[in-house]
Amino acid sequence: MDLYGASAIITGGASGLGAAAAAALHEAGATTVVVDLPDAEDSQQRAEAVRSIGPRAHFHPGDVTDPQTAASAVEAAQQHGPLRVAVNCAGVATPGKLVGRDGPLDYGTFSTVLAINTGGTMNIMAHAAEAMRQNEPAGEDRGVIINTASVAAFEGQIGQIAYSASKGAVASMTLPAARELAPAGIRVVTIAPGLFQTPMMAKLPEAARQALAEKTLHPPRLGRPEDYAQMVTQIVSNPMLNGEVIRLDGAVRLEPR
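Residues numbered from 1 in each chain as written. Predicted model: local features only at pLDDT ≥ 70, side-chain atom pairs only at ≥ 80, totals over all residues. Heavy atoms only, no water.

**Here we look at the packing of helix α4 (residues 107-132) against helix α5 (residues 161-181)**
Between α4 and α5, the shortest axis-to-axis distance is 8 Å and the interhelical angle comes to 20°. As the angle between them shows, α4 and α5 are arranged roughly parallel. α5 is crossed by α4, and the crossing has right-handed handedness. Along the contact surface, α4 presents F110, V113, L114, N117, T118, T121, M122, M125 and A129, while α5 presents I161, A162, Y163, A165, S166, K167, A169, V170, M173, A177 and L181. Looking at the contact of α4 with α5 residue by residue, the class counts come to 15 nonpolar, 4 polar and 1 charged. (Axes fitted to C-alpha atoms, helices over the stretch in contact; angles between N-to-C directions. Helix = DSSP H or I, 4+ residues; strand = E, 2+ residues; numbered from the N terminus. Parallel < 35°, antiparallel > 145°, perpendicular 65-115°, else oblique. Left-handed = near helix turned anticlockwise from the far one by under 90°. Contact = heavy atoms within 4.5 Å. Nonpolar A, V, L, I, M, F, W, Y, C, P; charged D, E, K, R; others polar.)

**Some remarks on the layout of surface pockets**
Of the volumes computed, that of the largest pocket is approximately 1,700 Å³. Lining the largest pocket are 48 residues, and of these V92, A93, Y163, T198 and M200 lie nearest its centre. Secondary-structure elements contributing two or more residues to the lining of the largest pocket are α1 (16-27), β2 (31-36), α2 (43-51), α5 and α6 (199-202). Among the residues forming the lining of the largest pocket, the class breakdown is 26 nonpolar, 15 polar and 7 charged. One number sums up the size of the second largest pocket: a volume of about 210 Å³. Looking at the second largest pocket, the residues that line it are M122, M125, A126, A129, E130, R133, M173, A177, E180 and L181. Mapped onto the lining of the second largest pocket, the elements with two or more residues apiece are α4 and α5. Broken down by element, the lining of the second largest pocket gets its largest block of residues, 5 residues, from α4. The residue makeup of the lining of the second largest pocket, split by class, is 7 nonpolar, no polar and 3 charged. (1 Å grid on protein atoms, 1.4 Å probe; cavity = no way out; pocket = protein on both sides within 12 Å on 5 of 7 lines; lining within 4 Å. Points joined across faces, edges and corners; volume = space filled by probe spheres on them.)

**With respect to the sheet that holds strand β3 (residues 57-61)**
Strands sit in the order β3-β2-β1-β4-β7-β8-β9 across an open sheet of 7 strands; the sheet is parallel. Looking along the sheet, the strands with just one partner apiece sit at the ends: β3 and β9 (245-248). Between one strand axis and the next, the sheet turns by 20° as a mean value, whatever way the strands run. Pairing between strand β7 (residues 143-148) and strand β8 (residues 186-193): 6 bridges, direction parallel. Bridge pairing links I145 to V188 in β8. (Pairing = 2+ DSSP bridges.)

**Examining the environment of V50**
Relative to the assigned elements, V50 resides in helix α2. Owing to a relative accessible area of 0%, V50 belongs among the buried residues under this scheme. For the pair V50 and H60, spaced 10 residues apart in sequence, the C-alpha separation works out to 9.5 Å. Leaving out residues up to four positions away in the same chain, V50 has contacts with A14, V34, A57, H58 and F59. (Buried < 20%, exposed > 50% of the residue type's maximum accessible area, 1.4 Å probe, protein only.)

Dropping the structure here:
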């Protein structure tokens, strides 16, 4: 799919995997609309990070769980060309055991993780798909929706109850969404990353990061955001990738802890 003259939405795109995806899509010719939280403490920093991607990159502050954010992001993207790509990277990984030191897992914590990771993904998917259906075909596609799950969807570790549930749901949405949108020429694919260099990972001590890197069989390192971004562009360019959850993990399989 030729992205010159087209637009793309990337959620969680001010840092980490989303930022790399935004940069790759910008390089491929798209105008990128990056949706991220309007945090008062670092909103300006996020906006500057997006602008550094290039002249066709735009920061769109908002909450992915808010339908108005999804609608306004789509509207903003369409001002720069038909919306061809939507990449969902926004998410949280709040830890918590089913029964912890303080008792049962807090329902509010659980539901918040699902609201952001699963509900936010669905929200952007729905609004993007509605817009993409109106596009003229570009090759064989009118649009591509790419979601982000995790290997925790399949091998969730102790303390990942909420995160695993949310990412398992994202993986499970892939095929029914692809089946529904196929007549409109819209593909849906989910990437399930393994252990990657992200802002969340950067908060861990060096020894902990090294221990995690050694779990990946080959290449024996943490995944890089550029690896994820490359997969995004490969999905966009290959019309036969549809309705699938792709593990991007160097063959890692997570143990219980």
